[in-house]
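Residue-level structural notes
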Amino acid sequence: MMSDSLLNALLHAKKVVTLTGAGISAESGIPTFRGAGGLWEGYPVEKVATVEGFEKDPQLVWRFYNERRVNIAKAAPNDAHIILAKMEKIYDLWIITQNIDGLHQKAGSRNVVELHGNIWRVRCTNCGRVEYNYEVPLREIPPRCKRCGGLLRPDVVWFGEPVYDINKAYQLTEKCEIMFVIGTSAQVYPAAYLPRAAWSHGAKIVEINPQETPVSSYADFIFRESATSAMRKIYQAIQEASQ
Ligand code: OAD
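Just so it is clear, the structure is predicted and the values come from calculations on it, not from any experiment.

All right, on to the domain arrangement of the chain then. Considered domain by domain, the chain is made up of domain 1 (1-29 + 78-116 + 165-243) and domain 2 (31-74 + 119-156). Look at where the C-alpha atoms of domain 1 and domain 2 centre, and you get two points 28 Å apart. With eight residues of domain 1 at the interface, the matching set in domain 2 holds seven residues. A breakdown of the residues in the side of domain 1 that touches domain 2 according to their chemical character gives three nonpolar, four polar and one charged.

The following block contains the structure:
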């Protein structure tokens, strides 16, 4: 059962923002980062997710990303991604995601801000050209730029680099009436500031996460369960109430 006050907020809201993290894609078979079996476990972050690591050993970094691309290519959006895409028909809804897997767009969402880039994009370290590249597995590691032959890198944000579109993310955050915070440990900044910023602008915060996070201390509503299970309940309640 969902609380009446959440249902009431959902029935009156127009502007909704969803901050998503790796947990929303966990049920699509993509490992999260932290905790047992997490993606960073076994991979020294400084070797595979920093500019310095890439400059030292682009081969190793590309092997790591090639493996992730192979895994992500097999993954399908789950009900949480799909329901969020459907909710674009009900709300002025934006997704701000830390994920690079592209599953929100694959589910049909159009309003997506990708703070950490996208694993299907590559960027030339020489001429700066950016393009989508869906080759799985990559034929050449490390891949080279078609235009200038320069070394390509994944167009994703590494540690120490600025995130993409943070101004847009803040604008959306400051205007929303409800923010869903789904499947993020809220430990990586600046994404982790967004729920607090939304809350201080008066938005209701709905956290969906089987584990407690720093957001739990001020969230207005908490679903201690998986993303698909919570989103099914929420969507069903909205639909029943609007019939
Ligand atoms: P984390 O791996 O830090 O956290 C994943 C969160 O998802 C945890 O809080 C889990 O409890 C939760 N979770 C697990 N399964 C879930 C499920 N089925 N439904 C809902 N929640 C679930 O991932 P992020 O917070 O996304 O950055 O990590 C943020 C950033 O740290 C990533 O974007 C990445 C990483 O370093 C970069 O690479 C720049």
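Before going further, it helps to examine the sheet that holds strand S3 (residues 112-114). Pairing is parallel across the open sheet formed by six strands, whose spatial order is S3-S2-S1-S7-S8-S9. Pairing within the sheet leaves two strands with one partner each, and these edge strands are S3 and strand S9 (221-223). Recorded for the sheet is a direction-independent mean angle of 15° between the axes of neighbouring strands. Bridging between strand S7 (residues 178-182) and strand S8 (residues 204-208) involves five bridges; their strand directions are parallel. Its bridge partner being in S8, Val181 is matched across the sheet by Glu207.

Reading across from one edge, S5-S4-S6 is the order of the three strands in this open sheet, with antiparallel pairing throughout. Of all strands in the sheet, those with a lone pairing partner are strand S5 (130-132) and strand S6 (152-156), marking the two edges. The average angle at which neighbouring strand axes cross in this sheet is 40°, direction not considered. Here four bridges tie strand S4 (residues 117-124) to S6, and the two strands are oriented antiparallel to one another. Bridge pairing in S6 places Val122 opposite Pro154.

What counts as what
- Residues numbered from 1 in each chain as written.
- Predicted model: local features only at pLDDT ≥ 70, side-chain atom pairs only at ≥ 80, totals over all residues.
- Domains from an automatic or database assignment.
- Contact = placed C-beta atoms within 7 Å.
- Nonpolar A, V, L, I, M, F, W, Y, C, P; charged D, E, K, R; others polar.
- Pairing = 2+ DSSP bridges.
- Helix = DSSP H or I, 4+ residues; strand = E, 2+ residues; numbered from the N terminus.
- Axes fitted to C-alpha atoms, helices over the stretch in contact; angles between N-to-C directions.

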